[in-house]
Amino acid sequence: MAEGAGINSFTSRVTKRVSNVNVAPAPANMRRKSRQQSQRRTTHNRVVLERVLGITTSNGSGLACDPNTGLVAYPAGCVVVILHPKKNKQTHILNTSSGHMPCVRVWDVAEQAQVAEVQCHKYGVACVAFSTNSSYIVSVGYQHDMTVSVWEWRKGTVIASNKVSSRVLSVSFSEDNSYFVTAGNRHVKFWYLDASKERRVNSTVPLIGRSGLLGEQRNSMFCGLSCGRGNMASSTYCITSSGLLCQFNSRRMLDAWVDLKVSMTTSARCLSVNEVFIFCGCADGTVRLFSPQNLHYITTLHRPHCLGVDVTQGLQPGHLFVADPKAEYPDTLALTFDPVTRHLTCVYNDHSVYVWDVRDIKNVGKVYSALYHSGCVWSLETYPDMDLSRSCLPPGSFLTCSSDNTIRLWHSDPGLVQGTSCLRNLYSHDLLRIVYVGEDTQHLQTDGERGEGGGMDAKSGIRVLGISPDGQHLAAGDRNGNVHIFGLQFMDQLQKIEAHDSEVLCLEFSPAETGLHLLASASRDRLIHIFNMEKSYSLEQTVYDHSASITAIKFTEVLMVSCGADKSIYFRTAEQSSEGLNFARSHHVVEKTTLYDMDLDATHTHTAIACQDRNIRVYNVKSGKMKKCFKGSTSDEGTLLKVQMDPAGIYLATSCSDKSICIFDYESGECVATLFGHSEIVTGMRFSQDCRHLITISGDSCVFLWRLDSQMTNSMRKRLAERKRTAGVTTTAKAPTKEHLIRYLH
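As recorded in an unreviewed UniProt entry, the protein goes by the name WD repeat domain 62, listed as coming from Oncorhynchus mykiss.

Below is the structure:
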């Protein structure tokens with residue numbers, strides 16, 4: 001498999017592992033370095049990426065399949081997900097060395113090990129492709145990079161290179177390996193390897209390229225490309241963004257084209273070509289089939305789910321194929337066809353993935369599907385561990401919210417959900433429910449490519465979540481300052497509070513042991529509002545102490561602690577007066593650095609704060625005095641953004657602006673694991689209630705489930721059991737079973 005680190009574009013190919021022979025004994029300093037690397041690997045192995053809920057494919061270059069194994073590969077942040085669609089199994093290739101220098105890397109899929117790399121681009125890698133015989137890889141840089149290179153990846157050398165002034169979106173090798181073609185904005189060009197190799201001695205030589213003769217289509221955007229196969233190997237097929245399927249002959253001339261608008265398709269995005277079919281991915285979820293021989297139309301495949309679909313209604317197979325003439329559908333972004341299994345994998349611009357069985361094009365079936373967030377995932381909450389008779393959600397559930405204006409309910413063990421037919425839906429193995437906040441479904445669709453000019457989302461969506469201690473209510477703060485209250489039993493909206501003038505950054509319910517039933521919200525408008533749950537969330541108090549954005553609030557006993565971008569920490573004590581409950585300031589601490597996040601330890605007597613200077617500062621909540629301070633990141637650059645304690649209070653997780661995640665021993669301050677994988681900043685983290693997972697979310701739209709090793713899990717469970725025995729509680733935090741879910745349903 002080759003991967004371009006710029007936007008994680010790749011083409012899948014199982015490669016042989018490269019072995020070193022006749023290696024001389026390493027010197028002492030090298031052996032010492034090797035021991036250090038081994039220790040780091042041991043540290044990293046304590047936490048393993050188990051599942052990825054997300055995809056960051058933005059065009060046809062970010063999707064591939066391997067006909068030998070039936071595996072499908074796609075990027076999710078800095079991770080390449082290797083999916084087995086029939087088994088719903090994932091393996092992962094983690095690019096832990098991604099940085100500012102774009103790099104093309106080759107991985108052994110079976111060993112999950114990197115076997116080669118080359119850095120020949122400056123700004124980013126737009127697309128890569130293996131030659132048909134797997135001897136060469138061609139890589140094309142971003143438009144400002146203006147470079148196309150061919151390299152012998154087993155030797156790690158670039159053999160030919162040239163400049164390309166246009167923006168390139170796609171590349172494809174001919175079946176006989178003699179040339180490859182690039183396509184993009186007003187650009188179709190044929191590059192000839194044989195002519196280049198004849199001029200090569202021992203150095204990189206200029207690639208010989210000839211432009212395609214575009215004729216009337218000289219101003220078109222060619223967004224998809226594939227060289228012909230079999231009897232049509234001399235032809236090249238392109239698709240334009242305006243909806244034209246074009247065929248070039250062996251003389252590089254535009255020989256024929258067909259207009260896709262005859263089917264009311266307004267635009268096209270991608271295509272995949274084999275000996276029998278041309279698959280054209282178009283807007284509105286349309287995939288059309290044509291003949292490679294004469295471009296004759298064959299059929300149109302089923303569309304995926306409509307935007308705004310209620311996944312809980314998808315209990316019967318026929319639900320997916322019920323047509324709604326008023327419904328809107330996501331655009332098709334990427335296609336790849338497996339000629340052995342005859343599976344067509346489609347990625348849509350709402351970040352959904354479908355694998356269709358097209359062995360019989362008149363009776364197409366669905367093999368696999370998944371629906372993911374399509375924008376920055378801002379907040380994450382795990383459902384509290386409680387008695388099943390009072391629980392609204394299955395054990396192991398967690399919720400996420402995003403700028404795509406949705407709140408999604410997931411389960412950490414999809415295998416258990418599959419065993420309970422009432423929860424299983426045909427749209428996703430991991431997803432239990434989607435709550436759409438508002439009627440506008442346009443936020444579900446992404447536009448632009450993150451790598452070349454596309455950035456993070458516009459100011460929309462849900463910013464923060466909070467779950468009440470009794471597990472009955474969900475509070476959601478949006479980016480317009482509103483607080484929405486949902487009932488978790490039916491996920492229906494109970495109330496909408498116009499609380500703030502700016503986006504809501506924090507929501508916190510008072511713990512059950514305080515005897516209070518309060519919800520605190522804080523915002524970029526510098527205000528903290530305290531609402532009384534028992535009085536239909538009526539406003540009890542507004543706190544005006546902070547002079548900048550408030551980044552975190554926590555309740556403990558009769559105290560409320562808050563911190564913010566004004567470098568201040570306020571400790572307040574609850575006082576009952578004739579006018580009601582009031583939080584009065586008891587301590588005020590000013591630091592020399594911005595404070596970004598905060599969490600309480602398991603005893604609720606101390607609070608750990610993530611600071612801009614990459615330190616974790618721990619304060620006593622009663623006295624307001626600092627107990628200790630330790631470094632919260634293994635990096636010497638960046639800023640700490642998030643901090644999270646595990647339920648037992650043994651481990652503390654932090655996220656840094658360099659996109660890394662660290663897990664520390666809370667008592668000693670020793671780093672026990674360092675994790676990489678997200679391509680944008682990590683916006684939230686939670687340890688699962690059963691102590692088996694760390695769940696992380698990010699601006700890259702992905703949710704990662706990391707499995708903790710048995711030693712970490714057992715130590716947390718032991719500490720929890722001891723604490724509960726001390727409190728007179730006999731239950732322990734156990735992994736949810738199928739019986740738990742069945743009891744929940746009844």
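Student: Hey, could you go over the sheet that holds strand S16 (residues 187–192) for me, with residue numbers and the actual values?
Tutor: Here we have 4 strands laid out as an open sheet, ordered S14-S15-S16-S18, and antiparallel in their pairing. Each edge of the sheet is formed by a strand with only one pairing partner; in this case those strands are strand S14 (168–173) and strand S18 (208–211). When strand polarity is set aside, the average angle formed by the axes of neighbouring strands in this sheet is 25 degrees. Looking at chain direction, S14 and strand S15 (residues 179–184) are connected through 5 bridges and run antiparallel.

Student: Account for the environment of Asn363, naming residues and giving values.
Tutor: As for its placement among the helices and strands, Asn363 is situated in the loop between strand S29 (352–357) and strand S30 (365–371). Relative accessible area serves as the criterion here: at 57%, Asn363 is assigned to the exposed category. Taking C-alpha positions, Asn363 is 9.3 Å from Leu301, a pair spaced 62 residues apart along the chain.

Student: Just give me the short version of the sheet that holds strand S52 (residues 651–656), but keep the residues and values in it.
Tutor: Sheet strands line up and pair through hydrogen bonds in the backbone, either parallel or antiparallel. With respect to topology, 4 strands assemble into an open sheet ordered S51-S52-S53-S54, the strand pairing being antiparallel. A single partner strand is all that each edge strand has here, and the edge strands are strand S51 (640–645) and strand S54 (671–675). Across the sheet, the mean angle separating the axes of adjacent strands is 20 degrees when strand polarity is ignored. As judged from the 4 bridges shared by strand S53 (residues 661–665) and S54, these two strands associate in the antiparallel manner. Bridge pairing links Ile661 to Leu675 in S54.

Student: Before we move on, can you summarise the nonpolar core with the specific residues and values?
Tutor: Residues Phe279, Leu344, Tyr372, Ile663 and Leu694 are the most contacted members of the largest nonpolar core, which totals 72 residues. The element contributing the most residues to this core is strand S57 (residues 703–708), with 5 residues. Residues within four places of Leu344 in sequence aside, it is in contact with Phe279, Val287, Leu301, Leu335, Thr336, Phe337, Tyr354, Val355, Trp356 and Val358. By size, the runner-up hydrophobic cluster in this structure holds 21 residues, among which are Leu409, Leu432, Ala476 and Met491.

Student: Account for helix H4 (residues 710–726), with residues named and values stated.
Tutor: Spanning 17 residues, H4 covers 24 Å between terminal C-alpha atoms, matching the ideal 24 Å at 1.5 Å per step. Of the residues making up H4, those classed as buried are Met712, Thr713, Met716, Leu720 and Ala721. Take H4 and look down its axis: the buried residues cluster within an arc of 160 degrees, on one side only. For H4, the exposed residues lying more than 90 degrees away from the buried face are Ser710, Gln711, Lys718, Arg725 and Thr726.

Student: Describe the side chain of Thr696, and please don't skip the residues or the numbers.
Tutor: Structurally, Thr696 is set in strand S56 (residues 693–698). For Thr696, a relative accessible area of 0% gives the class buried. Here His678 takes part through its side chain, which lies 2.9 Å from a polar atom of the side chain of Thr696. Discounting residues that sit within four places of it in the chain, Thr696 has contacts with Ile661, His678, Val682, Gly684, Met685, Cys702, Val703, Phe704 and Trp706.

Student: Quick rundown of unusual backbone geometry? Include the residues and the values.
Tutor: The phi torsion of most residues other than glycine is negative, and most of the peptide bonds are trans. Phi is positive for Gln112, close to 55 degrees, though the residue is something other than glycine. Position of Gln112 relative to the elements: it lies in the loop between strand S8 (104–108) and strand S9 (113–118). One non-glycine residue, Glu557, lies in the positive phi region at around 50 degrees. Within the secondary structure, Glu557 sits in the loop between strand S43 (550–556) and strand S44 (559–564).

Student: Give a description of the packing of aromatic side chains that names residues and reports values.
Tutor: Throughout the structure, instances matching the rule amount to 16 aromatic pairs. Centroid distance Phe180 to Trp191: 6.3 Å. Interplanar angle 15 degrees. Geometry classified as stacked. Of this pair, Phe180 sits in strand S15 while Trp191 sits in strand S16, placing them 11 residues apart in sequence. Judged on exposure class, the residue Phe180 and its partner Trp191 are both buried. Among the aromatic side chains, those forming a connected cluster through ring pairs are Tyr179, Phe190, Tyr192, Phe222 and Phe248. Its guanidinium or amino end placed over the ring of Tyr666, Lys628 lies 4.4 Å from that ring's centre, counting from NZ or CZ.

Parameters at a glance
- Residues numbered from 1 in each chain as written.
- Predicted model: local features only at pLDDT ≥ 70, side-chain atom pairs only at ≥ 80, totals over all residues.
- Heavy atoms only, no water.
- Pairing = 2+ DSSP bridges.
- Helix = DSSP H or I, 4+ residues; strand = E, 2+ residues; numbered from the N terminus.
- Axes fitted to C-alpha atoms, helices over the stretch in contact; angles between N-to-C directions.
- Buried < 20%, exposed > 50% of the residue type's maximum accessible area, 1.4 Å probe, protein only.
- Core = buried A, V, L, I, M, F, W, Y, C linked by side-chain atoms within 4.5 Å.
- Contact = heavy atoms within 4.5 Å.
- Expected span 1.5 Å × (residues − 1).
- Arc of directions from axis to C-beta.
- Polar contact = N/O pair within 3.5 Å; in protein donor to acceptor, adjacent residues only side chain to side chain.
- Phe/Tyr/Trp six-rings, centres within 6.5 Å; stacked < 30°, edge-to-face > 60°.
- Lys NZ or Arg CZ within 6 Å of the ring centre and 35° of its normal.

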